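Breakdown of the fold
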Amino acid sequence: MMVCTNTIKNHMENQCTSGSAFACVFCLDPSPSQTNMLRDQPLAKSHCKNRIIRKVNPLDQLLRLGLSHSLPEMTDLAIELEATENSEDANNFLPGSSHTKSKGNGIDAVQTSMVSPDIELGVNHNDIWLLFNEAQQNILYLNKQRLMAMEKLNKIQKEKELLLSRIKQLESEKMSGTLDGTTTVPKEKTKPKGDKPVIFGELLLRIDSMVLSGAISHGEASDLRSMVMEDKAMLADAFHDLHKNDGELLVCLRRFYDQSRRTGLHIVQICTELEPVASVGSLATYVTGLSRALQRKGNTVEVILPKYAILNLEQVHGFRKAEAEFHSYFSGQWHPNRIWTGIVHGIAVTFIEPIHLAAFFSREGIYGYSDDLERFTYFSRAALDYIVKSKKKPDIFHIHGWQTSVIGPLFWDFFVNQGLETTRLLLTCHGFDSQCVERPEKLALCGLDPPQLHRSDRLQDNSGNHLVNLLKGGVVYSNKVAIVSSLHSKDAVIESMSYGLETTLAIHREKVLVIPYGFDDTKWDPSKDNFLPVNYSSEDPKGKATCRTALRQRLRFVDQTSAAMVGCIYTEVSEIDVENLKAVVCLALGKGAQFIFLGSSTTPEVEAALESLRKELKDQNVRFINKYNEALSHLVIAGSDILLCASFHDPKLHLPLKAIKYGTIPVAVNPNESRLVRHAEGQEFGSTKSSRILSMFANVSLSQALDDMKYDGIGWSKKIKDAMSEDLSWDSECCDMYMDAYMSMKNL
């Protein structure tokens, strides 16, 4: 082997220009095409000016060029390398030396120069095969990468062919529609309801259209197509209405894609009501509506309730008693509890039944007993004991009202270190008029330390310093506090609606949220309401006139198509000022309005006032239906132009929101609503979408609404259409705000 005696520096100063198959030690980089020449030329010829060079070592060829050759060629090269080594040994080359040939004064001389063993280029047999094996592994890896690239290329080619075929299909459909002068877009009413293949097919075609227009890339289109094929069950509910332009539909598809790929949260709601199992007020509808919306967005929701004796089990599926029991602490002892489970509207529900203290929940009512603090403190502690004993590790504990507020201090004082280190706590306040103020020593019943908690910055009541306030404790010990209101701003709630908790809420202002309620748009949506004679929507509102005619015919009104129809639905009218209502109705009757009152009351005083209203409003344009009817309530809201509401804050019946969805203007008749007008004028309405929409009608009286309808028909119609197009259901703003709060807590 011949070695260049010049330095690297000298070599770099004199560029090598030879095209020989050989290279000097410092520019060893022959091309793959030169490799075969090495096998045919036993000696190297000089290609560097004034340099002595060496023959390129076949081992270098193996390492530098082998990856571009096939495996058989590599094997031949390795064998040749081994043979060369053996041949050199046979020719009696001096170990540790090299032979050089130089020319001077016309006399050839052979010089022998000793070379240090450190720069000797020979290799032994084991090194050859070790390096050969490494090169072989590299070849296998590159072959694997090549196969993967080929598979991806084939996939892209198939998608290209599919797109081309779809393009031809769309072009033929467009040409046929152009030739006969008709449109091929079907109306919503003619599309079969619940036809899932039609929905999936339309979605795939719309995705293709987005690709053709350049709105999305081929990669995103592939992901969206896979989503459509994989998530058919959820897509059928989420995309029942495809009458949107490509931009709007793409926003929905991307949101659904993100949600379907997002790992959902595990949320446990610990509360005292759930519709329709145990329902007293707005809490029941709120928990059910929110839980269903959260599950539709990919979360796992569980609800824990007391097992009341008055449970409505008709809609509880799979109701059964668990075989195992568990114990919970109360009043210095550990008490046994039974567990019952069932499914309500797709929500997993756990019912806790005390065994020794069964009297706590075996009563005719849910609230209103002198020992309510003991009853619900027992339940709250039992719920936490059950979570720990069952080894659950939820992301969120969602508690409601003062009844479960004691979970706050219990959680942080006892349970957070029992496998719940990553769990966070959110309290929803459905009102501040009920707070549960009691003696401090009662906190010891569930194991809490009264002296530690009876402090101004903890549970001490702001007014009665010798008492503790359970709702205040929930505010202090929760990571987030949600206040239910579709109307008011945070400032308005804290300053004028907190019933003595102003200071506490102000201190914890940063974690306070005002979140609106929603309504169930799976039942209340004019575009798919089965109770209506014809469906309609904000984009196609003509069906509302048909519903108005159907309502008049059913109630046998004289057909006055120009008269305004005013509806009023109630289950209890105790909040309505009957005298004020009489004056409002009489004024409207003078303007040609027609009225329908639907509902009844079980309260004797209210029923007497209602009977008085019936007698004084005997008129051919007034109808009273003395019993609530679900089907008729849908027709009343759809067929009315205006809906009288006891209050715009209606978290139980959600009448203002339903009216807006059906293109009916809500009007408040309660004199207390004048306070809402002042809030509107003082910009004290909240910043939520629900608050913005409701504020449009907050200062509109019935008389003004009738005048606007008569004299400003265009403005009236635009106002209705704009409001109808907004989504005010549980799945929209309400659920989204809770999800944001949950994720914010998880990042704490």
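Residues numbered from 1 in each chain as written. Predicted model: local features only at pLDDT ≥ 70, side-chain atom pairs only at ≥ 80, totals over all residues. Heavy atoms only, no water.

1. Some words on the overall build of the protein chain
Rule in force here: Runs of E in the DSSP output that reach at least two residues are strands. Runs of H or I that reach at least four are helices, and both are numbered from the N terminus. Here the term buried applies to any residue with accessible area under 20% of the maximum for its type, exposed to any over 50%, and partly exposed to those in between, with areas from a 1.4 Å probe on protein chains only. Note on contacts: a residue pair is in contact if any heavy atoms of the two residues lie within 4.5 Å. In this description, accessible areas are obtained by the Shrake-Rupley approach with a 1.4 Å probe, and a residue is regarded as covered only by the protein chains that are shown.
Check the secondary structure of the protein chain and you find 26 helices and 19 strands. Each of the 748 residues in the protein chain was classed as buried or not, and the buried ones make up 47%. The long-range fraction of contacts in the protein chain, counting pairs at least 24 apart against all pairs at least 6 apart in sequence, stands at 73%. Carbon and sulfur atoms form 52% of the exposed surface of the protein chain, whose accessible area is close to 37,300 Å².

2. Comments concerning the nonpolar core
Here is a general trend for soluble globular proteins: nonpolar side chains tend to be buried in one another's company. Under the convention used in this document: Only buried Ala, Val, Leu, Ile, Met, Phe, Trp, Tyr and Cys residues count toward a nonpolar core, and they belong to the same one when joined by side-chain atoms within 4.5 Å.
Of all hydrophobic cores here, the largest spans 81 residues; its most connected members are Y286, F595, F597, L644, L702, Y738 and Y742. The dominant element in this core, judged by the number of residues it contributes, is helix α26 (residues 730–746), at eight residues. Counting residues in each nonpolar core, the second largest holds 72 residues, with I339, F361, F432 and L448 among its members.

3. Topic: the sheet that holds strand β17 (residues 622–625)
Counted only if it meets this: The pairing criterion is simple: DSSP has to find at least two bridges between the two strands. Note on definitions: angles span 0 to 180 degrees between N-to-C directions of axes, and those axes are lines fitted to C-alpha atoms, for helices only across the stretch in contact.
Strand order in this open sheet of five strands is β17-β16-β15-β18-β19, and the pairing throughout is parallel. One side of each edge strand has no neighbouring strand; the edge strands of this open sheet are β17 and β19 (665–668). For this sheet the average axis-to-axis angle between neighbouring strands, irrespective of direction, equals 20°. Pairing analysis gives six bridges linking strand β15 (residues 565–570) to strand β16 (residues 594–599), with the strands arranged parallel. Counted as the bridge partner of C568 is F597 from β16. Across the face of the sheet, helix α18 (residues 578–589) comes into contact with β16, β17 and β18 (642–645) while running at roughly 145° to β16.

4. Remarks on unusual backbone geometry
Of note, the bond from E275 into P276 is cis; its omega dihedral lies within 30 degrees of zero at 0°. Turning to its location among the elements, P276 is positioned in the loop between β3 (266–270) and α10 (282–296). At S331, a position not held by glycine, the phi torsion is positive, near 55°. Checked against the element boundaries, S331 lands in the loop between β6 (326–330) and β7 (333–344). Taking relative accessible area as the criterion, S331 reaches 43% and is therefore assigned partly exposed. The phi torsion at H654 lies on the positive side, around 60°, for a residue other than glycine. Residue placement: H654 occurs in the loop between β18 and α21 (655–661).

5. Re the pattern of salt bridges
If the charged atoms of two oppositely charged side chains come close together, the side chains can form a pair. Quick reminder of the rule: We define a salt bridge as a contact between a side-chain nitrogen of Lys or Arg and a carboxyl oxygen of Asp or Glu at a distance within 4 Å.
The full count for this structure, using the stated rule, is 21 salt bridges. Close ionic contact of K297 with D736 constitutes a salt bridge, the shortest N to O distance being 2.3 Å. Linking K297 in the loop between α10 and β4 (300–306) with D736 in helix α26, this pair joins segments that are 439 residues apart in sequence. Judged by its relative accessible area of 16%, K297 falls in the buried class. Several salt bridges share partner residues, and in doing so they unite E374, E438 and K442 into one network.

6. Some points on the packing of aromatic side chains
What counts, and what does not: Any Phe, Tyr or Trp ring, taking Trp's six-membered ring, that has another such ring centre within 6.5 Å forms a pair; planes under 30 degrees apart are called stacked, those over 60 apart edge-to-face, and the others tilted. Charges are assigned to positions over rings by a cutoff of 6 Å between ring centre and Lys NZ or Arg CZ, combined with an angular limit of 35 degrees from the ring normal.
Here the structure, examined in full by the defined rule, presents 20 aromatic pairs. For the pair Y367 and F376, a centre-to-centre distance of 5.9 Å together with 50° between the ring planes defines the contact as tilted. For Y367, a relative accessible area of 27% puts it in the partly exposed group. Look at F595 and F597: their rings are 6.1 Å apart centre to centre, the planes differ by 10°, and that puts the pair in the stacked class. A relative accessible area of 1% places F595 in the buried class. The class of F597 is buried, set by a relative accessible area of 1%. In this structure an aromatic cluster arises from ring pairing among Y308, F330, F360, F361, Y367, F376, Y378 and W402. Positioned over the ring face of F414 is R381, at 5.7 Å from the centre of the ring. Taking NZ or CZ as reference, R623 lies 4.4 Å from the ring centre of F557, over its face.

7. Description of the packing of helix α11 (residues 372–389) against helix α12 (residues 407–415)
Rules: We call two directions roughly parallel when the angle between them is under 35 degrees, roughly antiparallel when it is over 145, roughly perpendicular when it lies between 65 and 115, and oblique otherwise. Note on convention: near helix rotated counterclockwise from far helix by under a right angle means a left-handed crossing. Clockwise means right-handed. Under the scheme applied here, ten amino acids are nonpolar (Ala, Val, Leu, Ile, Met, Phe, Trp, Tyr, Cys and Pro), four are charged (Asp, Glu, Lys and Arg), and all others, including Gly, are polar.
Running from N to C, α11 and α12 point in directions that differ by 40°, and their axes come no closer than 10 Å. The pairing of α11 with α12 is recorded here as oblique in orientation. Judged by the twist between their axes, the crossing of α11 over α12 is right-handed. Seen from α11, the contacting residues are S380, R381, L384, D385 and V388; seen from α12, they are I407, L410, F411 and F415. By residue class, the composition of the contact of α11 with α12 is six nonpolar, one polar and two charged.

8. Looking at the environment of S640
For clarity, the threshold we go by: Side-chain atoms alone can form a polar contact between residues adjacent in sequence; in general such a contact is a pair of N or O atoms within 3.5 Å, and within protein one must be able to donate a hydrogen while the other accepts it.
By the element assignment, S640 lies in the loop between α20 (630–639) and β18. Once the C-alpha coordinates of S640 and Y662 are considered, the two residues, 22 residues apart in sequence, prove to be 9.1 Å apart. For S640, the residues in contact, after removing those within four places along its chain, are K544, L551, M565, V566, G567, I596 and T664. In this structure the side chain of S640 is engaged in a polar contact, spanning 2.6 Å, whose partner is the backbone oxygen of V636.

9. Quick notes on the side chain of H508
Residue placement: H508 occurs in the loop between α16 (502–507) and β14 (512–515). Once you skip the residues sitting within four places of it in the chain, H508 turns out to touch V475 and V476.

10. Comments concerning the pairing of β18
What counts, and what does not: Handedness of a crossover is defined as follows: with both strands directed away from the viewer, a clockwise route from the first strand across the helix to the second makes it right-handed.
Burial of β18 is two-sided: the residues I642 and L644 facing one way and the residues L643 and C645 facing the other way are all buried. Summarising the sheet, β15 and β18 pair through three bridges and their orientation is parallel. Residue G567 lies in a different strand from β18, and its bridge partner there is L643. Read as a crossover between parallel neighbours, the route from β18 over α21 to β19 is right-handed.

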